[in-house]
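Chain by chain, the residues run as shown.
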Amino acid sequence: MTFESHLEELPEDAPWHEKPGESDIEQHDTDQIPEVDVTEDDLLASGSTTENWLMYGNNYENQRHYVGEEITPDNVGQLEVEYQFEHLTPQNDFQGSPIIIQGDPPVMYITFGPDHVHALNARTGEFLWSHVYEPYVGTSEESPSAERGVSVLGDRIYTSTLDLGVQALDRYTGEEEWYFNGAAAYRGEPAENVMHEELQWERAVGTTSSFPPIIYNGRLSKGSFGGEYGVSGFYDAIDLEGNIEWRVNMTPEHEWVGDSWRHGGATAWPAGALDPRTEQIVIPSANPGPWYGTVRPGFNPYSAGKVGVDANTGEYAWHFQDAPHDWWDYDSSNPPMVIQGEIDGEQTSMAVWAGKTGWIYTVNMETGQLYQRSEEHVQHLNMWALPPQDDLESAPWVMPELQGGTNPQASAYDPHTQTYVVKGTNQPMKFSWYEVEYEAGENYIGMDTIRAEPVADEPEEEEEEEEELGADEDENDDDEPGDEEEEEVEDDEDDDEDEEEDPALMDDPRPDEWNGYHSVIVGLDPLTGRIKWRDWLDIETSTAGGCVSTPTGLTFAGTPEGEFVAYATETGERVWVDDIGVGVDGDPIIWHDPYEEKTYVAITAGGRRGGALDENLAGNVVTVYSLST
């Protein structure tokens, strides 16, 4: 097998600049926005300064680490709510990470869906402008649109849109400067109208995600989505005026069997990372399509893993698959990060990410070779067992389930203690496959699934064992589950089955091996693979949203039941907790305002609705804490 060029030839006559939707702009006191030039040097320095948070993960390496030392374990309890910004409709659309641009006042740019972009006075939460884009194809009313933030350079901010496009907006006014139509061509064929017909479907959770583009060396790059709709994934680079430069084909025909590549999935919907040292982008790749593998023999290269490409040319460098020939929706959706590790006495760039498979992978950035696979951060049960056909009742319980391990929850890394903090989902699921034919715009999955309910009331001895687990790093929890009456849960992939009467759960309610905890937050060493601590969450839904760490030994993370927690990064001790009252599904950020001599911590809360996720507390709230420093 060869891994020759996977770059596509792109048609010049495609409608690359035709905008498929309409925008509505609302402006308030925009004169407050200070003129501050944001350069590529500023982007390179983001992560090493305290006054900005200029990109999704704070630096190209995606480490979500704030370098200021103002907030410590001793004073974190003095954090006070500075303000809360609430957007009432639609509810549950916050899943992203704001950015902060320094100035007097600093300005916060934030997204929540579908395709809403806002500028706020970051000190007060005052609304400065909004830009609402109505995509050509609509979004589901039942599920959030999963907007994850914006990018910035110069006087513009850039957003990925839910119809596979990119918008450049004047960051002082919110007015559009250009639109790039990423659906203008597909598999080398230009769209007959404004969008290619095979890329038109209703955007919904699990199939849609709008992560901000990476901006580097005069170009923007971003991925695609629709892995549950039988597409073949791609990853685009465009220049700063919205012109296409290159496109990576994530299912290159010469590496797949027959025509299976045509609907092979491998989309690139989560956030990537970039290593400025090697000038490589790490692209997260999604599940192959359909979910069952009988129609796509082989490894299905580039799917369900990470792909390293040259940041300037898009040329292939390496790939690593978490789940070759995946059957369980184990797409590698966790945003990767880049860290430095010592290998054979030399500092080496390593890519690190958490798999849906329940392990953390540490890979050499230059070669793609696996350096370390961690201890399991969630439970494993019947790992790699193939689902039966048309027989959900007799299917084995499998862990991790399709949400993970870890899904797009952004992890944080503290280089001082070499601690990687990750969120995980810990719930059994059954899979059963059925044959499905591809039809443009329709789901192309071919899999029935069903989950077990969490155990609501843990026995006392289990709580004791939880404490012991955190102390002795024992990753295997053998507690017996409780005897609560279980409920059946709808999966997040538009499964319409009537679960109240499903015999699969009535006869086989849950596996004894399951410890009953639905979610977990874990600290581990990505170079040794050792678990340092684990905080099992006694909640009835999976945890989402990301983390942020500080050099003073703190890591902030939220829970679906509204808790916002500061952990001791190295031990997992809960140092401070505040109740926001809304399920926390966003990613926390920190910045320092030298004009006010305050340090701020912001967290977006509210971000899920419908199906198995309705246990999450509803709302749309940005909460900003402050500490005088």
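Keep in mind it's a predicted model, so treat the numbers as computed, not measured.

Here the focus is the overall build of the protein. For the protein, the count of helices and strands is 3 helices and 37 strands. Expressed as a percentage of its 629 residues, the buried residues of the protein come to 67%. A total accessible area of about 21200 Å² is found for the protein, and carbon and sulfur atoms account for 41% of it.

Let's shift gears to the pairing of strand E24 (residues 370-373). Residues in a regular strand project their side chains so that they alternate between the two faces of the sheet. Relative to E24, strand E23 (residues 360-364) runs antiparallel, the two being bridged by 3 bridges. Along E24, the bridge assignment pairs valine 363 with leucine 370. In textbook terms, the turn of a hairpin is the stretch between consecutive antiparallel strands, and for E23 and E24 this stretch comprises 5 residues, one of which, glycine 368, has a positive phi near 80°.

Scanning all chains against the criterion turns up 29 aromatic pairs. With 5.7 Å between their ring centres and 25° between their planes, tyrosine 302 and tyrosine 316 make a pair best called stacked. Taken together, the residues tyrosine 302 in the loop between strand E18 (280-285) and strand E19 (305-310) and tyrosine 316 in strand E20 (residues 316-321) connect sequence positions 14 residues apart. A ring pair is formed by tyrosine 438 and tyrosine 444, whose centres lie 5.8 Å apart and whose planes are at 90°; its orientation type is edge-to-face. Residue classification places tyrosine 438 among the partly exposed residues on the basis of a relative accessible area of 24%. Residue class for tyrosine 444 comes out buried when judged on its relative accessible area of 9%. In textbook terms, an aromatic cluster arises when at least three aromatic residues are bridged by ring pairs, as seen for Trp328, Tyr330, Trp359 and Trp384. Here the guanidinium or amino end of arginine 203 rests over the ring plane of tryptophan 201, the centre of that ring lying 4.4 Å away. In this arrangement the basic side chain of lysine 430 is found over the ring face of tryptophan 397, its NZ or CZ atom lying 4.9 Å from the centre.

Relative to the helices and strands, proline 336 is located in the loop between E20 and strand E21 (337-343). Sequence separation between proline 336 and isoleucine 281 is 55 residues; the distance between their C-alpha atoms is 9.9 Å. Contact partners of proline 336, with chain neighbours within four places excluded, come to Glu61, Asn62, Ala271, Gly272, Ala273, Val282, Pro284, Lys306, Val352 and Trp353.

Here histidine 380 shows up in the loop between E24 and strand E25 (412-414). A distance of 2.5 Å separates a polar atom in the side chain of histidine 380 from the backbone oxygen of threonine 357. For histidine 380, the side chain forms a polar contact with the side chain of glutamate 376, separated by 2.4 Å. Leave out the neighbours within four places in its chain, and histidine 380 touches Thr357, Gly358, Trp359, Met399 and Pro400.

Throughout the structure, instances matching the rule amount to 19 salt bridges. A salt bridge links arginine 574 to aspartate 535, with the nearest nitrogen and oxygen atoms 3.1 Å apart. Here the residue arginine 574 occupies a position in strand E34 (residues 574-579), and aspartate 535 occupies one in strand E30 (residues 531-537), the gap between them amounting to 39 residues. Relative accessible area serves as the criterion here: at 11%, aspartate 535 is assigned to the buried category. Connected through shared salt-bridge partners, Asp104, Arg123, Asp593 and Glu596 make up one network.

Looking now at unusual backbone geometry. Across the junction of glycine 289 and proline 290, the peptide omega takes the value -10°, indicating a cis bond. Structurally, proline 290 can be placed in the loop between E18 and E19. Here glycine 404 and glycine 405 are connected by a cis peptide whose omega angle stands at 20°. Mapped onto the elements of the fold, glycine 405 is located in the loop between E24 and E25. With a phi angle near 60°, aspartate 115 is a residue other than glycine that sits in the positive phi range. Take aspartate 115: it is sitting in the loop between strand E4 (107-112) and strand E5 (116-121). Note on aspartate 115: relative accessible area 3%, which makes it buried.

Attention now moves to the pairing of strand E26 (residues 419-425). Burial analysis of E26 places 7 of its 7 residues in the buried class, the great majority of the element. The side-chain alternation of E26 yields two buried faces, one formed by Thr419, Val421, Lys423 and Thr425 and the other by Tyr420, Val422 and Gly424. Pairing of E25 with E26, which is carried by 3 bridges, proceeds in the antiparallel orientation. In the strand pairing of E26, tyrosine 413 is matched with tyrosine 420. Connecting E25 to the next strand, E26, in antiparallel fashion are 4 residues, including glutamine 418 with a positive phi near 55°. As paired elements, E26 and strand E29 (residues 519-524) share 6 bridges and run antiparallel to each other. Among the inter-strand pairings, tyrosine 420 is bridged to a residue of E29, identified as leucine 524.

Right, let's get into the sheet that holds strand E15 (residues 234-239). Strand order in this open sheet of 4 strands is E13-E14-E15-E16, and the pairing throughout is antiparallel. Unpaired on one side and paired on the other, strand E13 (214-216) and strand E16 (244-249) mark the two borders of the sheet. Taking each pair of neighbouring strands and ignoring which way they run, the sheet shows an average axis angle of 20°. Of the pairings in the sheet, the one linking E13 to strand E14 (residues 219-222) comprises 3 bridges and is antiparallel in character. By the bridge assignment, isoleucine 214 is partnered in E14 with serine 221.

It is worth spelling out the nonpolar core at this point. In this structure, Leu43 and Tyr109 are the most contacted members of the largest nonpolar core, which totals 49 residues. Setting aside anything within four residues of it in sequence, one finds tyrosine 109 in contact with Ile33, Pro98, Ile99, Ile101, His118, Ala119, Trp129, Val150, Ile157 and Arg171. The next biggest cluster of nonpolar side chains, apart from the first, holds 36 residues, and it includes Leu79, Trp591, Val622 and Tyr625.

Looking now at the sheet that holds E23. If you walk across this open sheet you meet the 4 strands as E21-E22-E23-E24, and the pairing is antiparallel. The sheet is open, and its two borders are formed by E21 and E24, each paired with just one other strand. Ignoring strand direction, the axes of neighbouring strands in this sheet form an average angle of 30°.

Here we come to the environment of glutamate 26. As for its position among the elements, glutamate 26 is in strand E1 (residues 22-27). Overall, the relative accessible area of 39% leaves glutamate 26 in the partly exposed class. The sequence separation of glutamate 26 and phenylalanine 127 amounts to 101 residues, and the corresponding C-alpha distance is 9.7 Å. Discounting chain neighbours no more than four positions away, the residues touching glutamate 26 are Leu128, Trp129 and Ser130.

Another aspect to go through is the confidence of the model for the protein. Mean pLDDT for the protein: 88, with 86% of residues reaching 70 or above. Confidence drops under a pLDDT of 50 for residues 459-500, and excluding neighbours within four residues, the segment shows 96 contacts in the predicted structure. Segment residues 610-614 is flagged for pLDDT under 50; beyond a separation of four residues in sequence, or across chains, it makes 10 contacts in the model.

Cut-offs used in this document
- Residues numbered from 1 in each chain as written.
- Predicted model: local features only at pLDDT ≥ 70, side-chain atom pairs only at ≥ 80, totals over all residues.
- Heavy atoms only, no water.
- Helix = DSSP H or I, 4+ residues; strand = E, 2+ residues; numbered from the N terminus.
- Buried < 20%, exposed > 50% of the residue type's maximum accessible area, 1.4 Å probe, protein only.
- Areas by Shrake-Rupley, 256 points an atom, 1.4 Å probe, with all protein chains shown as cover.
- Pairing = 2+ DSSP bridges.
- Phe/Tyr/Trp six-rings, centres within 6.5 Å; stacked < 30°, edge-to-face > 60°.
- Lys NZ or Arg CZ within 6 Å of the ring centre and 35° of its normal.
- Contact = heavy atoms within 4.5 Å.
- Polar contact = N/O pair within 3.5 Å; in protein donor to acceptor, adjacent residues only side chain to side chain.
- Salt bridge = Lys/Arg side-chain N within 4 Å of Asp/Glu carboxyl O.
- Axes fitted to C-alpha atoms, helices over the stretch in contact; angles between N-to-C directions.
- Core = buried A, V, L, I, M, F, W, Y, C linked by side-chain atoms within 4.5 Å.
- pLDDT = per-residue confidence, 0-100.

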